[in-house]
Amino acid sequence: MQHYSGFGLLKHSLSHHENWQRVWRNPTPKKKYDVIIIGGGGHGLATAYYLAKEHGITNVAVIEKGHLGGGNACRNTTIVRSNYLWDESAALYEHSMQLWEGLAQELNYNVMFSQRGVYHTCHTLQDMRANERLVAANRLQGIDNEMVDAEQLQKEIPTLDCSKNSRYPILGASVQRRAGNARHDAVAWGYARAADALGVDLIQSCEVVDLEVNDGKVTGVKTKQYGVIKADRVGCAVAGNSGVLAKMAGFELPVESHPLQALVSEPIKPFLDTVVMSNHVHGYMSQSDKGDLVIGAGIDGWVGYGQRGSYGIIEHTIQAIVELFPCTSRVRMNRQWGGIVDACPDASPIISETPVKNLFFNCGWGTGGFKGTPGSGHLFAHTLANGKAHPIAEPFSIKRFHDGALIDEHGAAGVAH
Amino acid sequence: MLHIYCPHCAEYREEEEFHAAGQAHIVRPLDPDACTDKEWGEYLFFRKNPRGLHHELWVHSAGCRKFFNMTRDTQTYEIKEIYKIGEKPSVVDSSVPQEIASGAAS
Amino acid sequence: MTQQNRLVSGGRIDRSETLTFTYNGKKYQGHKGDTLASAMLANGIDVVARSFKYSRPRGIIASGAEEPNAVLQLGATEATQVPNVRATQQELFDGLVSASTNGWPSVDTDVMSLVGKVGGKMMPPGFYYKTFMFPESLWDTYESMIRKAAGIGRAPKEHDPDTYDAINQHCDVMVVGAGPAGLVAALTAARGGARVIIADEQNEFGGSLLDSSEQLDGKPASEWIRSIVEELSTFDDVLLLPRSTVNGYHDHNFLTIHERCSDHLADIAPVNSVRQRMHRVRAKWVVLATGAHERPLVYANNDVPGCMISGAVSAYINRYGVVPGNELVVMTTNDYGYQAAIDWANAGRTVAAIVDTRTESKGDRAETARQLGLNIITGSAVIDVQGSKRVTGVSIAPLDESGTKVTGSITKLKVDTVATSGGWSPVVHLSCHTGSRPVWDDSVVGFLPGPTIQKQLTAGGINGQYETSVALQEGLDAGLQALTNIGLEAVELVLPRVEQLTMTAPMILFHIPHIKPTSQAPKQFVDYQTDVTAAGIEIACREGFEAIEHVKRYTAMGFGTDQGKLGNINGMAVAAKALNKTIPETGTTVFRPNYTPIAFGAITGRHCGGLFEPERYTAMHKWHVEQGALFEDVGQWKRPWYYPKGNETMQDTLNRECLAVRDSVGILDASTLGKIDIQGKDAREFLGRVYTNAWAKLGVGKCRYGLMAGEDGMIFDDGVTACLAENHFLMTTTTGGAAHVLEWLEIYHQTEWPELEVYFTSVTDHWSTMTISGPNSRKLLEKLTDYDVSKENFAFMDWKAATVAGVPARVFRISFTGELSFEINVQANYGMQVWNAVIEAGKEFNITPYGTETMHVLRAEKGFIIVGQDTDGSVHAYDLGMPWAVSMQKPFSFIGKRGMQREDCVRPDRKQLVGLKTIDPNVVLPEGSQGVFDPKAPIPMPLVGHITSSYWSANLNRSIAMGFVKGGLDKMGEKVFYPLADGRVIEAEICSPVFLDPKGERQHV
């Protein structure tokens, strides 16, 4: 893999940048792989990378129907944090957080992980209790998280309205200072480039139309462009499309796919140098390095695969943002878009075996998949390499929807993860 | 934004007056106590979640408060039909076995 | 300063009205009818911005929504600052204050441009992914530098003084765009009797006709426009919306229009006016007549101020009477480009040359140019531009027939303005918003709207039809089609005569070659605002970013505030060439709302500040305010939290209120609790199915507490339900859960058990509820009613219809404090009167109003749960230690029964709700504290449960708490440790949650 650095940029500028290597090959698929990963988003690419790097399994293909990182990987609002409530989730997201730290160096690709902090504002006593509970749990779980009062919050975020004048005045907030943002495209591309360098075949514009299942065992995938490609094990990391793949395999999932919308303002000079989320007034915002205010909110309440939702959600979201940051009223909204999020009833993901042998699913991340990318890939690679779950992933089995051991993160997940 | 015909009010109204209540035709098992954990879990949580035709339950929550069914394309968001509780859909995905049509009251 | 570029006559400006504006601190003059951009050009202002990455000076290129450079900060005061206003779309008003946004010390002299010149070479696309990684610790510093450099304008620091509106609209036909096609479509529909809305982003209707010298019926286009608009104005059911941009086209023909009501008048809206208004339109049919944007050509140094698109040059001359330079060179691939030269020459200034990349043109416009004696150079192109803050000259060279190579020697021309035309791109943006992908058309050399399921018609430029005569005909066809589609009769409409110009086919060319390869040539900009060059796109393709979405994301092409209106097609063409593909093979370009940016305030409308959400008050709210109560937000309700007196601390108040209740009598406004009236012969059966406990034997006149669970067995609400009559019950719910409970009851009734005859009505707002609680509450009630409220006649958990303070009431003898309590319910409009009477009568008992906080303490002393505080959706009745509230014997398998028996729900070591007494009685555990059995365990520590409720109990003179503990119900007397953030570890003993009066004697007196 060609090493990237400032010196490299200087060197290549002398040859007019004509000699940069390709970031990844464009291979024709082999007849058979040890592992096929369906879905070339962040989670699928991270899985492939860790399979090759940590488990030495390099006869791997990632099959993507469009282009790499073209789904939720490039449609999210890039928030990374690990302050979840229950021990199981805290372990999962903190595992991911620790992989985020140092990821740019590991991949030699600047994923711009910026630990600028994530605040959850509290507007009611109930909010305060929930956040105090979360902070108390996180501290003993080894995850940084702390409460700040409204006065302190005003000092830390001058543009946030911490006065008593709003409809739901801010009473305080919890803040995870190690949390923050990363550059979403770079994460997908960085994993893709590193996986390719380790020998993984990244097959783009290749759509899986069926799974080849014999005697309750998956033996390959059927693609539109290349016919059947055999595999010993198949992992699905297709987020919103999980239900469609499950249907091919003949089972249902405890998952529904909803539109999740987001929007950006026009780029403006530094306005907010952290991330603010409010469950109660229902909106969250950060500012990208380009200067756009990046804003998101809740999901549309119905199943939708159209990568767009209803205008009412956009309206309510902007109302929430103007309520939190009144000085944005004259700032202008530039663009909106939507993704398809696969949401589980307990707002926790699924990293699991399935009723079909050798077929594994990594899905149900709902609105919070981006932050989970490295951890999800790392743990799913373990599952695919060993045929059984890593201890951290174990509680996230599909089984929990039968025995009732749900990991209800609606409180911590709130407006969005 | 969806434009929805309420079969009880006999009017098209804005989506904001309605509330989606998930997949339609999920019948509560008649004898829950006889269900295994697995069966109960499937009833509670597992869903068809199709890309394409979806039969779903809606309620005119800010209107007449009545529930009704809708067949909607989840890809194009086109509403194919509205039908009352207890009725069966007439627009169905021909690639899907017709077990939904056998659904009981709901 | 004089307006040196202003013509003495012509244009649609009013020279009699002079307006003064400020740009970068300096005053200039323009006229009514100017845009800020036309006024700047009139005054010879060349540099309006510094580019984002390379800090290159930039000038005005276009005249409309596609302008990428002239993006300014507006606002005369701090509160009225508006960032990123496109000068080409901002009408000039007197006193307008504007400023460029980047460049230090000024936009004219920017030291950063040195960095751009020197460092620019090191900034290929995506350079930031390749560097700033070492050392890891410095990323924060790099990032803060990047952030300071990024961004265009700035947000105001003060709150917005303006208001905004939203309005819902319905129509038969929504016409988007009031150019020739749109106007005819609208008039046709209107004459046919349709309800029509026609909206256009410009200040006046007419579209492209406003910019041209074209004649209709032998008269200036303006006269035809006026006659159409006049006729449209006569229809009652036609709404004309100028200054109104249709920004979003959503599913089921829902469109949003952003109307700017006063941005053309002043910084701040006039008194009693709104600044902007959003129209939320539901249209039966939509006619998109959005026109087309001209594409500039991509050539070396094409960003030097003075480089413009040819249509803009014509627009400035014809519409604003401004010639933006003295010596013009035009480069074109088509006949339309000639028009700029013709208009320029007619304005009396010098046309140095028309450079046509084709070998010849026989079209009428070319012929006109020849007749004017203009110098036409064919088979050639402007391959480079000289100058830095203004064009000083161009290099012209012959091209091969395909336009990919320079084939001869360079000729230099001295000019100050370069106008280019690479053809037109239909404005397909709105047609993409609902998921339709545009389709490439070789004959149009552009993308056309793709197939859609929306009820959408298109006419004119959006279909690649740029001749006025065709646009008019298409507008008529669309109008007639719309009439047919909505079931109205066709009408007659005679179209005006328009001169048909002959044309020679355009050349398909986007990117002008240079003598050097693209990678080594001077910068050839594709997307100005994001500084994306042709070389940059080639690098991206070479590196393997081959999908057009990858190219766009890697280079940032199309991610500016203009959303690539000028650059996207050119960028795709450059990528296609680099990848040796056709444009359609490279992909397509999809646009998302908004078409142009919209102020957050406009989308917010009135829903901000106090109107963000409605506030719900009880009938006694005013009294609480007068008593100095502090309020707690519960759902949308404002509930009295506590009533401080004098210099009391909150704890002082709570102590006083708590003691008052247990010693004498207190009063609580409980009106916010949800109340659902349930009637029908199967009401009782229904209750038995939705509550976990039994209801079969509850007699008339009795009340019972019930728990409500989901099918998973987890508790989500609770409350007391009274049997009013055999077939009539009144259910109470939690304050926040009322709406959900009602929908819950309805869904089960309507979808599962429609055979049960039962009806639900929300009566929350119909009743005022006041709880009097304490040993003196009976004495107090006796003063207010003739009814016998003695222990013998009015037992605990009974309710009675009685007259209280002269008002018919329902009185419930139920208790959430563990004291003797009566809940008096009266019709809400009597609430205040009865409350006052109770307060008056209670004076002798020193009646004390108490709020939600005291209520919480008093109920915790009794171990009563609050759903939502002591539950979190993951606990069932057994976890709560409330097996008495579950009846497993009921014949019907009630909701929650099966769920709570799943494998994980019957584990013995589940977290269970218990009482907790701190070993030090003076320490109050913080709510939310997490317990551990072994305080010395390493982190991450195994957590055994958290504190849900914790208070100082003045009555018990010690702290009390409730919380979850793993297997806690079997661990009475054992210890739990709570390590706190401040380092303290609080030790507590597991106990019964009933801290006071365990036998319940106080409420039974």
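Residues numbered from 1 in each chain as written. Chains lettered and ligands numbered in written order. Predicted model: local features only at pLDDT ≥ 70, side-chain atom pairs only at ≥ 80, totals over all residues. Heavy atoms only, no water.

Residues Y109 and Y191 of chain A together with F21, Y23, L36, M40 and Y316 of chain C are the most contacted members of the largest nonpolar core, which totals 138 residues. With eight residues, helix 7 (residues 184–197) of chain A is the single largest residue contributor to this core. Membership of the second largest hydrophobic core comes to 64 residues, among which are I229 and F361 of chain A, A24 of chain B together with I747 of chain C. (Core = buried A, V, L, I, M, F, W, Y, C linked by side-chain atoms within 4.5 Å. Buried < 20%, exposed > 50% of the residue type's maximum accessible area, 1.4 Å probe, protein only. Helix = DSSP H or I, 4+ residues; strand = E, 2+ residues; numbered from the N terminus.)

Next up on the list: the environment of D786 of chain C. Residue and element names in this part refer to chain C. Relative to the elements of secondary structure, D786 occurs in the loop between helix 21 (777–784) and strand 41 (799–804). The exposure class of D786 is exposed, given its relative accessible area of 83%. A C-alpha to C-alpha distance of 8.1 Å links D786 and A802, two positions 16 residues apart in sequence.

Residues and elements named next belong to chain C. Together, W104, V111, M112, L114 and V115 line one region of the surface with nonpolar side chains, adding up to about 520 Å² of accessible area. Mapped onto the secondary structure, V115 falls in helix 2 (residues 112–119). Since its relative accessible area comes to 43%, V115 is described here as partly exposed. (Patch = residues over 30% accessible without salt bridge, like charges linked within 9 Å, V, L, I, M, F, W, Y side chains within 5 Å. Areas by Shrake-Rupley, 256 points an atom, 1.4 Å probe, with all protein chains shown as cover. Salt bridge = Lys/Arg side-chain N within 4 Å of Asp/Glu carboxyl O.)

This part covers the domain arrangement of chain C. Split into domains, chain C comes out as domain 1 (1–161), domain 2 (164–292 + 426–485), domain 3 (297–419), domain 4 (516–586), domain 5 (674–762) and domain 6 (907–1005). Taking the mean C-alpha position of each, domain 2 of chain C and domain 4 of chain C sit 31 Å from one another. (Domains from an automatic or database assignment.)

In the segment running from F134 of chain C into P135 of chain C, the intervening peptide bond is cis, with an omega of -10°. Residue placement: P135 of chain C occurs in the loop between helix 3 (127–130) and helix 4 (139–149). Across the junction of I939 of chain C and P940 of chain C, the peptide omega takes the value 0°, indicating a cis bond. Here P940 of chain C lies in the loop between strand 46 (930–931) and strand 47 (945–953). In this model, A10 of chain B sits at a positive phi of 60°, which is unusual for a non-glycine residue. Given a relative accessible area of 47%, A10 of chain B falls into the partly exposed group. Not every positive phi belongs to a glycine, and N957 of chain C is a case in point at roughly 55°. Along the chain, N957 of chain C falls in the loop between strand 47 and strand 48 (958–966). According to the relative accessible area criterion, N957 of chain C is exposed, its value standing at 55%.

What follows deals with helix 12 (residues 534–542) of chain C. Residues and elements named next belong to chain C. Summarising burial for helix 12: eight of the nine residues are buried, a large majority. A534, A535, G536, I537, E538, I539, A540 and C541 are the residues of helix 12 that are buried. Those residues of helix 12 hidden inside the fold are in contact with strand 29 (525–527), strand 30 (532–533), helix 13 (548–555) and helix 14 (568–579). In the segment just after helix 12, G544 is the residue with positive phi, at about 105°. (Contact = heavy atoms within 4.5 Å.)

Let us now look at the pairing of strand 1 (residues 3–6) of chain B. Residue and element names in this part refer to chain B. Going residue by residue along strand 1, you find I4 and C6 tucked away on one face and H3 and Y5 left uncovered on the opposite face. Two strands pair when backbone bridges link them, and strand 1 and strand 2 (residues 11–14) are joined in this way by four bridges, in the antiparallel orientation. Bridge assignment links H3 to a residue of strand 2, and that residue is E14. In this antiparallel pair of consecutive strands, strand 1 and strand 2, the connection spans four residues, and A10 shows a positive phi of 60°. (Pairing = 2+ DSSP bridges.)

What follows concerns the confidence of the model for chain C. Detailed reading of predicted coordinates is not advised where the pLDDT is low. In the predicted model, chain C carries a mean pLDDT of 96, and the fraction of residues at 70 or more is 100%. Listed scores for the predicted complex are pTM 0.96 and ipTM 0.96. (pLDDT = per-residue confidence, 0-100.)

By the definition in use, this model includes 85 salt bridges over all chains. The partner of R116 of chain A in a salt bridge is E143 of chain C, with the nearest N and O atoms 2.8 Å apart. With R116 of chain A in the loop between helix 4 (103–107) and strand 4 (118–122) and E143 of chain C in helix 4, this residue pair bridges two chains. If you follow the salt bridges from partner to partner, you end up with R183 and D185 of chain A together with E549, K552 and R553 of chain C in one network.

What follows concerns the interface of chain B and chain C. Between chain B and chain C, the residue contacts involve 32 residues of the former and 31 residues of the latter. When the two sides are added together, the surface that chain B and chain C hide from each other amounts to roughly 2600 Å², 49% of it contributed by carbon and sulfur. If you sort the residues of chain B by the area they bury against chain C, M1, R28 and R65 of chain B come out on top, with a joint share of 27%. Across the pair R898 of chain C and D37 of chain B runs a salt bridge whose closest N-O atoms are separated by 2.7 Å. Along the contact surface separating chain B from chain C lie 22 residue pairs in polar contact (both at pLDDT 80 or more). (Buried area = accessible area lost by both parts, 1.4 Å probe. Polar contact = N/O pair within 3.5 Å; in protein donor to acceptor, adjacent residues only side chain to side chain.)

Our focus in this paragraph is the interface of chain C and chain A. With 120 residues of chain C at the contact, the number on the chain A side is 100 residues. Of the roughly 9700 Å² buried between chain C and chain A on both sides combined, carbon and sulfur atoms contribute 54%. Considering only the side of chain C, the residues that lose the most area to chain A are Y129, R147 and F600 of chain C, jointly responsible for 10% of the buried surface there. There are twelve salt bridges connecting chain C and chain A. Its salt-bridge partner being D289 of chain A, residue R147 of chain C comes within 2.8 Å of it at the nearest N-O pair. Along the contact surface separating chain C from chain A lie 67 residue pairs in polar contact (both at pLDDT 80 or more). No other element matches helix 4 of chain C, which puts six residues into the side of chain C that touches chain A. When its residues are assigned to classes, the side of chain C that touches chain A shows 48 nonpolar, 38 polar and 34 charged. Pairing of strand 16 (residues 332–343) of chain A with strand 31 (residues 598–599) of chain C, which is carried by two bridges, proceeds in the antiparallel orientation. (Nonpolar A, V, L, I, M, F, W, Y, C, P; charged D, E, K, R; others polar.)

With that settled, the discussion passes to the pairing of strand 6 (residues 172–176) of chain A. Residue and element names in this part refer to chain A. Strand 6 sits mainly inside the fold: five of its five residues count as buried. Side chains G172, S174 and Q176 of strand 6 all project onto a buried face; the interleaved residues A173 and V175 project onto the opposite face, where all are buried too. Pairing analysis gives four bridges linking strand 5 (residues 146–149) to strand 6, with the strands arranged antiparallel. Residue pairing across strands places V148 opposite A173, the latter belonging to strand 6.

Here the focus is the packing of aromatic side chains. Per the stated rule, a full pass over the model turns up 52 aromatic pairs over all chains. Between Y4 of chain A and Y109 of chain A, the ring centres sit 6.0 Å apart and the planes meet at 45°, which makes this aromatic pair tilted. In this pair, Y4 of chain A is assigned in the segment before helix 1 (6–14) and Y109 of chain A in the loop between helix 4 and strand 4, connecting sequence segments 105 residues apart. As far as the burial class goes, Y4 of chain A and Y109 of chain A line up, both buried. With 5.2 Å between their ring centres and 40° between their planes, Y748 of chain C and W753 of chain C make a pair best called tilted. (Phe/Tyr/Trp six-rings, centres within 6.5 Å; stacked < 30°, edge-to-face > 60°.)

Okay, the packing of helix 5 (residues 180–191) of chain C against helix 6 (residues 221–233) of chain C next. Residue and element names in this part refer to chain C. Where helix 5 meets helix 6, the axes come as close as 10 Å, and the angle between the chain directions of the two elements is 30°. When the interaxial angle is binned, helix 5 and helix 6 end up roughly parallel. Seen from above, helix 5 lies across helix 6 with left-handed handedness. Between helix 5 and helix 6, the residues in contact are P180, L183, V184, A186, L187, A190 and R191 and W224, I225, I228, V229, E231 and L232, respectively. A breakdown of the residues in the contact of helix 5 with helix 6 according to their chemical character gives eleven nonpolar, no polar and two charged. (Axes fitted to C-alpha atoms, helices over the stretch in contact; angles between N-to-C directions. Parallel < 35°, antiparallel > 145°, perpendicular 65-115°, else oblique. Left-handed = near helix turned anticlockwise from the far one by under 90°.)

Okay, the sheet that holds strand 6 (residues 82–86) of chain C next. All names here are of chain C. Taken together, the five strands give an open sheet; going across it, the order is 2-1-7-5-6, and neighbouring strands pair in mixed fashion. In this open sheet, the two edge strands, each paired with only one partner strand, are strand 2 (26–32) and strand 6. Recorded for the sheet is a direction-independent mean angle of 40° between the axes of neighbouring strands. The sheet contact formed by strand 1 (residues 14–23) and strand 2 spans seven bridges and is antiparallel. Looking across to strand 2, one finds that T22 is bridged to K27.

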